[in-house]
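Topology and contacts: notes
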Amino acid sequence: MFAVVGGGAAGSAAAFVLSRAGHDVVLFEASDDLGGRTQTVQRDGFGVELGAIYMLNSYTRCIELLADSGTPDLLTPWSPLAGLWDGSNLHPIRYDYVPSFFKLPMLSFRDKARLALRAVLAIAGPAPDPFETDSLADFDRGEDMETWARTRLGDNAFEYFVRPLIEPSFGTDCRDLSVPYLQGIMKRAHLAKFFLPRDGMGSVCAALTRNVDVRLGVEVVAVDLDGAEVVVSTAQGETSRVDGVIVATDAARAAGLLESGLGATEVQALRSAPYASMAHVNLRWVKNPWPANEFEMLLPIGAGPRPLLGTIVKTSATSQLVPAGGCMTNSYFSSAATRELTDDELIETALRHVGETLGKGFPDPVAEVFGIERALAICPPGHYRAMQELRNKMPARIGIAGDYLAHLGVETAVVSGERAARRLLGESV
Ligand SMILES: Cc1cc2nc3c(=O)[nH]c(=O)nc-3n(C[C@H](O)[C@H](O)[C@H](O)COP(=O)(O)OP(=O)(O)OC[C@H]3O[C@@H](n4cnc5c(N)ncnc54)[C@H](O)[C@@H]3O)c2cc1C
């Protein structure tokens, strides 16, 4: 019997792999729902994504596990039309089609030539697997993404290509991130396709844990080695003795749970794994105020810090999460804005942004702010190697999984969960 602590993407993938191998698995989830940062919450007929929004065709492990779980058709293709907002105009690009960036008027001929050259070099040359800690660690030369991109691509391509792609996803400045992830996605950018889970991201973890004994609302407070067994203690005062455990919480909580069994250096490495916090403002209209709008992403551009990183627009024509005739926007804020702005200021900023980009004079929506403290696992230079060392020092019967072992993302979490499960099963990883 194995136990998994945490029912997010990492824990659900780990539980799925252990259970598929024929083992009894119990999964403890502290909150009342599965999914962690992939939950879809219901609000008066709308499905609102608490965290993750989309998946990519490069999420091969996640897609394969979903197929194995008997739910191969969970995902629907999505090719979002994005508008880069320069303060006066929306410049259309396809977020999943790099050549569309070449039409941007802010890029000079020289910028485009450098970008094209880099794209060819990225496709032809070596690059890391963007979701594997070991592979990412091999490519980390200690350089940050902003310096790397400005040097190789130029300032304009950094502002109008790299920043709109990276900062809305990571919630933080490119200078806080290391280079390998960018190299990994540039190599695959020409093949990129987006998917949305038809019933919301929440359906991913639900599909993976269908054959698992899931205990919701049960917080684990300690994980201790006792001879050949591992003892899992819950806040309700219950203990389970199991053959192995995967701790798939965020890094800080993992540090608390594993304190007794790990050295001080490993506990400190877990405690200091970096995250960006992120708030997002959800606005909902029963009747779509902009029926002619076709943009599904609105991305502010331009030099300097930006509090609002991007807005996703969903209507009943593009998403099953929106009731017939309705419209919903989600505006995502930088870590700094999340810390500094009040909820009212966040809502005001989101309303101003949709008014400027889609058209003013709309009726008041229902507005709700979602704030997540450890929202997005980030990867400064040196991070991948530190996480690789930490993961390799785990005792044989205890595994760790979670996006923080590389960087944010459903696929990263799934890859880490699958790897931890295979290690517990005695497979070579
Ligand atoms: C706003 C936002 C937008 C995002 N957009 C995308 C996107 O579009 N695409 C993408 O791929 N990724 C996206 N991400 C990132 C993605 O959601 C995460 O990287 C991924 O879901 C992390 O999964 P995880 O299993 O590592 O962690 P989590 O989802 O955080 O799961 C950890 C689980 O452990 C539980 N837990 C914690 N402590 C205990 C305990 N003591 N006992 C029991 N249970 C416990 C928690 O309740 C939680 O359910 C986004 C994230 C955010 C916040």
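Residues numbered from 1 in each chain as written. Predicted model: local features only at pLDDT ≥ 70, side-chain atom pairs only at ≥ 80, totals over all residues. Heavy atoms only, no water.

**Examining the environment of glycine 45**
Basically, it comes down to this: Only DSSP runs of H or I covering at least 4 residues are called helices, and only runs of E covering at least 2 are called strands; the numbering of each starts at the N terminus.
Take glycine 45: it is sitting in the loop between β3 (40–43) and β4 (46–49). Put simply, glycine 45 and leucine 81 are 36 residues apart on the chain and 25 Å apart in space, counted from C-alpha to C-alpha.

**Considering the site of the ligand**
Just so we agree on the cut-off: Residue proximity to a molecule or strand is established when one non-hydrogen atom of the residue lies within 4 Å of it. In protein, a polar contact means a hydrogen-donor-capable atom and an acceptor-capable atom, both N or O and within 3.5 Å, with residues adjacent in sequence counting only if both atoms are side-chain atoms; elsewhere, any N or O pair within 3.5 Å suffices. Per-residue accessibility takes into account occlusion by the displayed protein chains alone, with areas from the Shrake-Rupley method and a 1.4 Å probe. Residues are grouped as follows: nonpolar covers Ala, Val, Leu, Ile, Met, Phe, Trp, Tyr, Cys and Pro; charged covers Asp, Glu, Lys and Arg; every other residue, Gly included, is treated as polar. Per the annotation, domain bounds derive from an automatic or database assignment of domains.
Every one of the 35 residues lining the ligand counts as a neighbour, but Glu29, Arg37, Tyr59, Asp403 and Gly409 are closest to it. Alanine 30 has a polar backbone atom sitting 3.0 Å from a nitrogen atom of the ligand. Contact between the ligand and valine 220: a nitrogen atom at 2.9 Å from a main-chain N or O atom of the residue. Taken by itself the ligand offers 1,000 Å² of open surface, and the protein chains cover 93% of this. Listed by contribution, the elements that provide at least two residues to the shell around the ligand are α1 (9–20), β2 (25–29), β19 (366–377) and α14 (410–424). Considering every element that reaches the shell around the ligand, the biggest residue donor is β19, with three residues. Each residue belonging to the shell around the ligand can be placed in one class, and the counts come to 20 nonpolar, ten polar and five charged. Residue assignment places the shell around the ligand across two domains, with domain 1 (2–73 + 201–273 + 378–424) and domain 3 (275–377) each supplying three or more.

**Regarding the side chain of threonine 172**
The line we're drawing: Each residue is assigned to one of three classes by its accessible area relative to the maximum for its type, calculated with a 1.4 Å probe on protein chains only: buried under 20%, partly exposed between the two thresholds, exposed over 50%. We call two residues contacting when some pair of their heavy atoms lies within 4.5 Å.
In this fold, threonine 172 is placed in the loop between α6 (155–170) and α7 (180–188). For threonine 172, a relative accessible area of 11% translates into the label buried. In terms of polar contacts, threonine 172 uses its side chain to reach the side chain of aspartate 176, at 2.6 Å. Sequence-distant contacts of threonine 172, that is, excluding residues within four places in its chain, are made with Glu167, Leu177, Ala276 and Ile378.

**Notes on the nonpolar core**
Here is the rule we go by: For this analysis, a nonpolar core means a set of buried residues of the types Ala, Val, Leu, Ile, Met, Phe, Trp, Tyr and Cys, connected via side-chain atoms within 4.5 Å.
Membership of the largest hydrophobic core comes to 98 residues, with the highest contact counts inside it found for Tyr95, Val162, Ile166 and Ile246. Among all residues touching isoleucine 166, those that are not within four sequence positions of it are Met145, Cys174, Leu177, Tyr181, Leu182 and Ile185. Core analysis: the next-biggest nonpolar cluster, separate from the first, contains 30 residues, Val223, Val245, Val247 and Leu262 among them.

**A short note on the UniProt feature "domain: Amine oxidase" (unreviewed entry) in the chain**
Put simply, the test is: UniProt positions are given in the numbering used here, feature names are shortened, and annotations may be inferred rather than shown by experiment.
The positions UniProt marks with the feature "domain: Amine oxidase" (unreviewed entry) are residues 10–425. Its end C-alpha atoms 16 Å apart, residues 10–425 is made of 35% helix and 25% strand.

**Notes on the pattern of salt bridges**
Definition in use: In the sections that follow, a salt bridge refers to a side-chain nitrogen of Lys or Arg positioned within 4 Å of a carboxyl oxygen of Asp or Glu.
Per the stated rule, a full pass over the model turns up 26 salt bridges. Salt-bridge contacts for glutamate 159 lead to arginine 150; the nearest nitrogen and oxygen are separated by 3.6 Å. Residue classification places arginine 150 among the partly exposed residues on the basis of a relative accessible area of 28%. In this structure, the salt-bridge partner of arginine 422 is glutamate 427, at a minimum N-O distance of 2.8 Å.

**Section: empty space enclosed by the protein**
Short version of the rule: Definitions used throughout: a 1 Å grid over protein atoms alone; a cavity as a set of points that fits a 1.4 Å probe which cannot get out; a pocket as an open set with protein on both sides within 12 Å along at least five of seven lines; a lining residue as one with an atom within 4 Å of a point. Grid points are joined across faces, edges and corners, and a volume is the space filled by probe spheres set on the points.
Evaluation of the coordinates by the stated rule reveals three cavities of 30 Å³ or more. Volume-wise, the largest cavity comes out at about 60 Å³. If you go around the largest cavity, the residues you meet are Phe131, Glu132, Thr133, Arg391, Leu405, Ala406, Thr412, Val415, Ser416 and Arg419. A breakdown of the residues in the lining of the largest cavity according to their chemical character gives four nonpolar, three polar and three charged.

**Quick look at the side chain of serine 12**
Relative to the assigned elements, serine 12 resides in helix α1. Engagement of the side chain of serine 12 in a polar contact is seen with the backbone oxygen of glycine 7, the distance being 3.4 Å. In this structure the side chain of serine 12 is engaged in a polar contact, spanning 2.8 Å, whose partner is the backbone oxygen of glycine 8. Ignoring any residue separated from it by four or fewer positions in sequence, one finds serine 12 in contact with Gly6, Gly7, Leu27, Leu34, Cys205, Leu208 and Thr209.

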